[in-house]
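# Working through the structure, step by step
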Amino acid sequence: MYDNFSVSACKYTGSWDGLQSPDFMYDVTMSRSGTPSRDYYWPGAAYKLRFFAYAPKETAYVLSAQAEGIPTLHCAIPQEVEKQKDLLVAASDEIAGDADAAVRLRFRHALTAVRFVCGEDVQVGTVKSVTLRNVYSKASYDLNLERWSGWGTKVSFSQTLNKTVGAGQPITEEAQTFMMLPQTLPDNAEIEVIFNDGTKDHTLNAPIGKAEWPKGKTVTYRISTSSINWEYFLEVTSPEEFTYEGGTKSYRVTSYRKNSGGTIEPVAWEARFSEDGTTWSDEMPVWLTEFTASGAGGNTATTYKATIARQVGITANRHNDALKAMAPIGSMDAPYNLANSSGAATVENTANCYVVGAPGVYSFPLVYGNAIKNGEANRAAYTSTVSGRDILNPFINHLGNGITDPYIVNNSCVPAKAELVWQDAPSLVTDIRYNPGVDGGNISFVVDQNTIQQGNAVIAVKDAAGTVLWSWHIWVTDEDINNTIEVINHQNVRYKFMAVNLGWCDGEITDYAGRSCDVRFIAGGQTSEIRLKQLPRSEMAGGSHPYYQWGRKDPLLPSNGATKTNKTWYGANGAPSTANPKTESFPWGAGCIKNYIIKPDVMQGLEYGDNTFLNLWSANNNLKTANDNLVVKTIYDPCPVGFKVPASNAFTGFTVSGGKESSRVNGDLDNLRKGYLFYGEPNKTGPKIFFPASGRRNWSGFLDGVSKSGYYWVAIPYGGVSNIYALTVDLSFVWPLDYWFRARGLGVRPVREE
């Protein structure tokens, strides 16, 4: 018995329910003889008593607070074996409050003693140390219920012995006995013994996880050195690398041992994981969703499955980031004039499409398309030098009247307000205003730095009755449209193409980060490592652009760039939608042109379009055959300042023959971006220019061919008044002089004006 012990006692009436507090005595130190440090008097027959005691009374054992009720011991086993004191506990039965006699306490062992001895096969040698690894070191003992609970903190207990031993001899003497918490051992608990056989140290390991250390008992471990005479074999075959999509692949493990007598035995193995190559854990990464981390072993390879989750991509759009980084230009008092190269108020050059490359406040004059060029009226844009029933001359406004002046107000029109028709990005353009003034004033709008991104918008000016007088396309992009790409066609004529389609918006880039995990296999003291590796990847979503019915100035809604689904667009009320454009059967001839102007967001629902005019995009054209004649840009041309719809032969350099080809293409199919990368010069030389397979719209408004085919208008009709020459880029062929009905919605790839 220790020299002292602690006693607590509960005084109570009625029945014992375990909720009483040690209010009679609390943590009173008793000498070995059982004499308290001061006198305590029996409380009388009205009361009952229960006594609780523990020994020794020292820092490893902490009694719960008096107010917490029945005493509980909080135990933390010291690291040093010499400080590990056997815990003795006692609890009395119920005692009458007037017993007036000595209280007998029967102490019991509350810990588990752990000792080591040599088995009969241990050769003579030196046990240098013994270690209990990954066992619980903290718990609480209920003195009333006489049980342990709340195990926590896994640690290792070790002691250095350097003791010479032989078969059957003890390894730990009485003073070297580990005094441990009773417990069900953690799964990864093990014994480690360092044994020197006279030549070198050997590490002897044995798993003891899930075993029971019972309270008040002694557990004896017998050590064997037979494994020292075994040769161990561990071989692991790594799985192949994983893509960003993850998936399941196989790995193989062979693990066995062989002794000098030729006996072969399987050796169990286990795996540990490290994502940084330094820190190892039994827990595998969360993205490694299936992996067998242990096995029984064998002298033939066993195949297992490793499954890795699909990597989560991070999506960004560097073009939008570039736009947001631009310094704002213009102000509400002095908007940046898009019809002037420096933003000044003077009108220099106008168009139906204005390009915005930074946040700011902008304006443009109320001028029909490109009717002002180099600061002067550009009559060539709205009159023609040729004549005939299929020639429009002069070009007409929304009333069907011939245009006589560049300014809308000088053609019997009275603007009253300006409004958004649609935009394909939320809040792309805001604060749209009609500002009356000289020559009809202007329209101003804001591109906010917080919401700027690649996108397209259509703004209309209306009269007091709400009739559209004209409308303009605002293209927000960081693309330098003046950085053109020169292409030589089959007829050896040079064209300077815009690098992207009119209204182009690049797709977002999604980056999938690579990741890896080292796996260390352990068996019989042997280790083998493999690396599970998931490769990085970057993906670009398909870009998109608006579509155009031939001869019209206004863009129609784009696709989402990948499927037959529209890009989300927003009407004047700001509500999002993915609906197709509205369609309507417009009359042929001038009546169709009028409706194109009045209803910029409505498609002609008849396949032949206007079915009349040859010169809507080339003022002086009266031909229906392919040519390289000069295209005179008209007020219905949808291109920005300095650009126009190309001549019909512009694309013929994209095939060897200048005609339809499936293999003799002067370019390479780009399966990743879905389209063709053409060369600017014959024989696959010169600069490259990409044409996406971005699909088209039928005159019914529906999309088709997205990610499969691409279609591009030119300025010249084919053979009559119902069809127009066009470039078709299919993933199986290229046809530079294909032709389609006018009312189809195709893409436009502008060329620089001469």
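About the thresholds
- Residues numbered from 1 in each chain as written.
- Predicted model: local features only at pLDDT ≥ 70, side-chain atom pairs only at ≥ 80, totals over all residues.
- Heavy atoms only, no water.
- Phe/Tyr/Trp six-rings, centres within 6.5 Å; stacked < 30°, edge-to-face > 60°.
- Helix = DSSP H or I, 4+ residues; strand = E, 2+ residues; numbered from the N terminus.
- Buried < 20%, exposed > 50% of the residue type's maximum accessible area, 1.4 Å probe, protein only.
- Lys NZ or Arg CZ within 6 Å of the ring centre and 35° of its normal.
- Core = buried A, V, L, I, M, F, W, Y, C linked by side-chain atoms within 4.5 Å.
- Contact = heavy atoms within 4.5 Å.
- Polar contact = N/O pair within 3.5 Å; in protein donor to acceptor, adjacent residues only side chain to side chain.
- Pairing = 2+ DSSP bridges.
- Arc of directions from axis to C-beta.
- Salt bridge = Lys/Arg side-chain N within 4 Å of Asp/Glu carboxyl O.

## Notes on the packing of aromatic side chains
Under the criterion given, the structure shown has 43 aromatic pairs. With a centroid separation of 6.2 Å and 50° between ring planes, the pair formed by Phe291 and Phe521 is classed as tilted. Taken together, the positions of Phe291 in the loop between strand S22 (288–290) and strand S23 (294–295) and Phe521 in strand S39 (residues 515–523) put the pair 230 residues apart, joining distant regions of the chain. Pair check on accessibility: Phe291 and Phe521 agree, each one buried. Summarising the aromatic geometry, the rings of Phe395 and Tyr636 are spaced 5.0 Å apart at their centres and angled 45° between planes, so their arrangement reads as tilted. Residue Phe395 is located in the loop between strand S30 (376–377) and strand S31 (417–423), and its partner Tyr636 is located in the loop between strand S46 (602–604) and strand S47 (643–644); the two are separated by 241 residues in the primary sequence. We classify Tyr636 as buried; its relative accessible area is 2%. Three or more aromatic residues link up through ring pairs in this structure, and these residues are Tyr495, Phe497, Phe651, Phe654, Tyr676, Phe678, Phe691 and Tyr712. The ring of Trp16 carries Arg50 above its face, with NZ or CZ at 4.8 Å from the centroid. The ring of Trp740 has Arg696 lying over it, and the distance from NZ or CZ to the ring centre is 4.2 Å.

## Considering the nonpolar core
Residues Phe445, Ile474, Ile635 and Tyr636 are the most contacted members of the largest nonpolar core, which totals 95 residues. Excluding its chain neighbours within four sequence positions, the residues that come into contact with Phe445 are Leu338, Val356, Gly360, Val361, Tyr362, Phe364, Val429, Thr430, Asp431, Ile432, Ile459 and Ile474. Formed by 49 residues, the second largest nonpolar core is a distinct cluster that contains Val127, Val130, Ile171 and Phe178.

## Notes on the side chain of Glu661
Mapped onto the elements of the fold, Glu661 is located in the loop between S47 and strand S48 (667–670). A polar atom in the side chain of Glu661 sits 2.8 Å from the side chain of Arg664. With residues near it in sequence (within four places) discarded, Glu661 still touches Thr655, Val656, Phe733 and Val734.

## Description of the sheet that holds strand S28 (residues 360–365)
Pairing within the open sheet is mixed, and its four strands lie in the order S26-S28-S33-S32. Both edges of this open sheet fall to strand S26 (336–337) and strand S32 (430–435), since each of them pairs with a single strand only.

## With respect to helix H1 (residues 318–325)
When we look at burial in H1, the residues that qualify are His319, Asn320 and Leu323. Viewed along the axis of H1, the buried residues span an arc of 100°, placing them on a single side of the element. Opposite the buried face of H1, at more than 90 degrees from it, the exposed residues are Arg318 and Ala325. Backbone nitrogen of His319 and a side-chain oxygen of the N-cap are separated by 3.0 Å at the start of H1; the cap is Asn317.

## Digging into the pattern of salt bridges
Taken as a whole and judged by the stated rule, the model has 28 salt bridges. With a shortest N-O distance of 2.7 Å, Asp518 and Arg531 are connected by a salt bridge. Pair noted here: Asp518 is in strand S39 and Arg531 is in strand S40 (residues 526–534), with a separation of 13 residues, a long-range link. Look at Arg531 and you get partly exposed, because its relative accessible area is 49%. Three or more residues joined by partner-sharing salt bridges are found here, namely Arg133, Glu190 and Glu192.

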